[in-house]
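Below, each chain spelled out in residue letters.
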Amino acid sequence: MKTNKTVIITGSSGFIGANLTKRLLIDNNDIHIVGLDNMNDYYDVGIKEYRLNELKSFNNYTFIKGNLEDKELINKIFKEYKFDIVINLAAQAGVRYSITNPDAYINSNIIGFYNILEACRSNPIKHLVYASSSSVYGSNIKVPYSTDDKVDNPVSLYAATKKSNELLAHAYSKLYNIPTTGLRFFTVYGPAGRPDMAYFSFTNKLVNNETIKIFNYGNCKRDFTYIDDIVEGIIRVMNKAPEKRNGKDGLPMPPYALYNIGNNHPENLLDFVQILSEELVNAGVLPKDYDFEAHKELVPMQAGDVPITYADTTPLERDFNFKPHTSLRDGLKEFVKWYKEYYKK
Ligand SMILES: NC(=O)c1ccc[n+]([C@@H]2O[C@H](COP(=O)([O-])OP(=O)(O)OC[C@H]3O[C@@H](n4cnc5c(N)ncnc54)[C@H](O)[C@@H]3O)[C@@H](O)[C@H]2O)c1
C-alpha cells in the first residue's frame, strides 16, 4: 500500500498505538508519522520504552514527549505538521483505576480530547479516528452489542469519558464538518500488551507463584480481540473517512461514524484461564506439573465490571469487508512467546 500522508498518532508508545505505528511504518515508505505520548507510569514504563525503541529506528517517525492536556503544545504540533489524519489513542485506560483516580481520566480523556478536536477545527484534516471502548455498553443486557444500542448508563468514569468523546466528536463533526470515526475496542491483547490487563497480570502472578482472582466466580465472558486484528481494523477505517454530504433538508449531515472492533466471539473467563495456562506450560514458562487449581481463587464481581462483552461487527464487515478473526489460542500463544523472550523465562 502506498500513501503520501502525514499522520499523528497519540498514545504512540501505548499498546495499540505502538503496534499501529509500527505496521504503518513497515507498510508505507512515504508516510510520516508523528507520535505523541507522555510516557506516564500508569504501568511499567519499561514496556513503553521497549515499544518506543522499536519505532525509533524508522527515519519517517518523529516522537514527541508531551501531554494531550497541553493545549499550546498540541496547537503548535498541528500547525507545524499539517496532518492529513489524526489518530487519537492516548487516554487514561482501565476501568478499575478510574474508581480511585478520577482526575487522570478527566485530564487525559476529556480535556485532552477536547484539545485534539479544537486543533482539528483550526487546522483542516481529512479524518480524525479516536479510541472509544466496549465499556460504553455498561451492563447492556442485549447481546451482541450494537452501535445502535442506547448507551446512556456507564458503570465507570472511564466509560463515561469514552461516551463523552463520542458526543464531543459528533458535535464537532456537525458544527465544523470534521470527518470523525470512533472505534469501540473490545478487550485487546497480545505481545508487549498492557500489564494491567488480566491475561498479563495473571501470567505475572502464576509465574511468581501467587494466586489469581477470577471475578464473578468465573461467570464472565469477554470478546478478546487480538492486537493485529485491531491494527488491521484501524488501518482500513483511517483510509476511508465518512463522506461529507447533505441531508434531505439540504443542510450538511455530520461526517460522523462509529464502529465496534471486537472478536464477535465471547469466551468464558475460565476457558480463557485454561488456554492461557496450557500455553504457558507448552512454552515452558511454567512447569508441566504446575498446580493451577491451587493458584485460582473465585471471587465476586468488582465495581465497574460487566458480566459480558460481545461485539456486533456487522457494520464493520459491511463497510470495510473485515472482521477480527484470530482465535484466543493463537493470540495467547503469541503473547506467551513474547513474554518468555522479554522476561527471559
Ligand atoms: N487495550 C484495550 O483493551 C482497550 C479497549 C478499549 C479501548 N481502549 C482504548 O484504546 C486506546 C489505547 O489503549 P492501549 O491499550 O494502547 O492503552 P495504553 O495505556 O497502552 O496506551 C495509551 C498511551 O497513551 C499515553 N497517554 C495517556 N494519557 C496521555 C496524555 N494525557 N497525554 C499524552 N499521552 C498520554 C500513555 O502513556 C500510553 O502510552 C485508549 O484510548 C484506550 O482507552 C483500549
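This write-up is about the structure you can find in this document.

So, how was this worked out
Residues numbered from 1 in each chain as written. Predicted model: local features only at pLDDT ≥ 70, side-chain atom pairs only at ≥ 80, totals over all residues. Helix = DSSP H or I, 4+ residues; strand = E, 2+ residues; numbered from the N terminus. Expected span 1.5 Å × (residues − 1). Buried ≥ 20, exposed ≤ 12 C-beta atoms within 10 Å, placed from the backbone. Near = placed C-beta within 6 Å. Nonpolar A, V, L, I, M, F, W, Y, C, P; charged D, E, K, R; others polar. Pairing = 2+ DSSP bridges. Axes fitted to C-alpha atoms, helices over the stretch in contact; angles between N-to-C directions. Parallel < 35°, antiparallel > 145°, perpendicular 65-115°, else oblique. Left-handed = near helix turned anticlockwise from the far one by under 90°. Contact = placed C-beta atoms within 7 Å. Right-handed = clockwise from strand over helix to strand, strands pointing away.

1. Digging into helix α1 (residues 15–27)
- If you check α1, its first and last C-alpha atoms are 19 Å apart, about what 13 residues at 1.5 Å a residue would give, namely 18 Å.
- Along α1, the residues classified as buried are Phe15, Ile16, Gly17, Ala18, Asn19, Leu20, Thr21, Leu24 and Leu25.

2. Things to note about the site of the ligand
- The local shell around the ligand holds 28 residues, among which Gly11, Gly14, Ala91, Ser108 and Ala131 are the closest.
- Listing elements by their share of the shell around the ligand, those giving two or more residues are α1, β2 (31–37), α5 (102–122) and β5 (127–133).
- By residue number, the principal contributor to the shell around the ligand is α1, which donates 3 residues.
- Among the residues making up the shell around the ligand, the classes are represented as 12 nonpolar, 12 polar and 4 charged.

3. Quick word on the pairing of strand β4 (residues 85–88)
- Residue alternation in β4 divides its side chains into two sets, Ile85 and Ile87 and Val86 and Asn88, and both sets are buried.
- As paired strands, strand β1 (residues 5–10) and β4 are joined by 4 bridges and run parallel to one another. Its bridge partner lying in β4, Ile8 is registered against Val86.

4. Here's the deal with the packing of helix α7 (residues 198–207) against helix α9 (residues 269–282)
- Look at α7 against α9: their axes get within 11 Å of each other, and the N-to-C directions meet at 50°. When the interaxial angle is binned, α7 and α9 end up oblique. The handedness of the crossing between α7 and α9 is right-handed. Touching Tyr199, Phe202, Thr203 and Leu206 of α7 are Val273, Leu276 and Leu280, all from α9.
- Residue composition of the contact of α7 with α9, by class: 6 nonpolar, 1 polar and no charged.

5. Considerations on unusual backbone geometry
- With an omega of -10°, the peptide bond between Val143 and Pro144 qualifies as cis.
- Despite not being glycine, Met39 shows a phi value in the positive range, around 55°.
- Look at Asn321: it is not a glycine, yet its phi comes out positive at around 55°.
- What makes Asn321 exposed here is the crowd of 8 C-beta atoms within 10 Å.

6. A look at the pairing of β1
- Pairing of β1 with β2, which is carried by 6 bridges, proceeds in the parallel orientation. Bridge pairing in β2 links Ile8 to Val34.
- Tracing the backbone out of β1, into α1 and back to the parallel element β2 gives a crossover that is right-handed.

7. A look at the sheet that holds strand β13 (residues 256–261)
- What the 7 strands build is an open sheet, ordered β3-β2-β1-β4-β5-β6-β13; its pairing is parallel. Two strands lie at the open edges of the sheet, namely β3 (61–65) and β13, each paired on one side alone. The mean inter-strand angle of the sheet, taken between neighbouring strand axes irrespective of direction, is 15°.
- In terms of strand pairing, β4 meets β5 through 4 bridges, oriented parallel. In the sheet register, Val86 faces β5, and the bridge partner there is Leu128.
- Against the sheet, α5 contacts β4 and β5, and its axis sits at roughly 175° relative to β4.

8. Thoughts on α7
- Regarding α7, the residues found buried are Ala198, Tyr199, Phe200, Phe202, Thr203 and Leu206.
- Along its buried surface, α7 packs onto β7 (188–189), β8 (212–214), α9 and α11 (328–342).
- Directly beyond the C-terminal end of α7, a positive phi value near 65° is found at Asn209.

It is worth stressing that arrangement in space is one thing and function is another; only the former is reported here.
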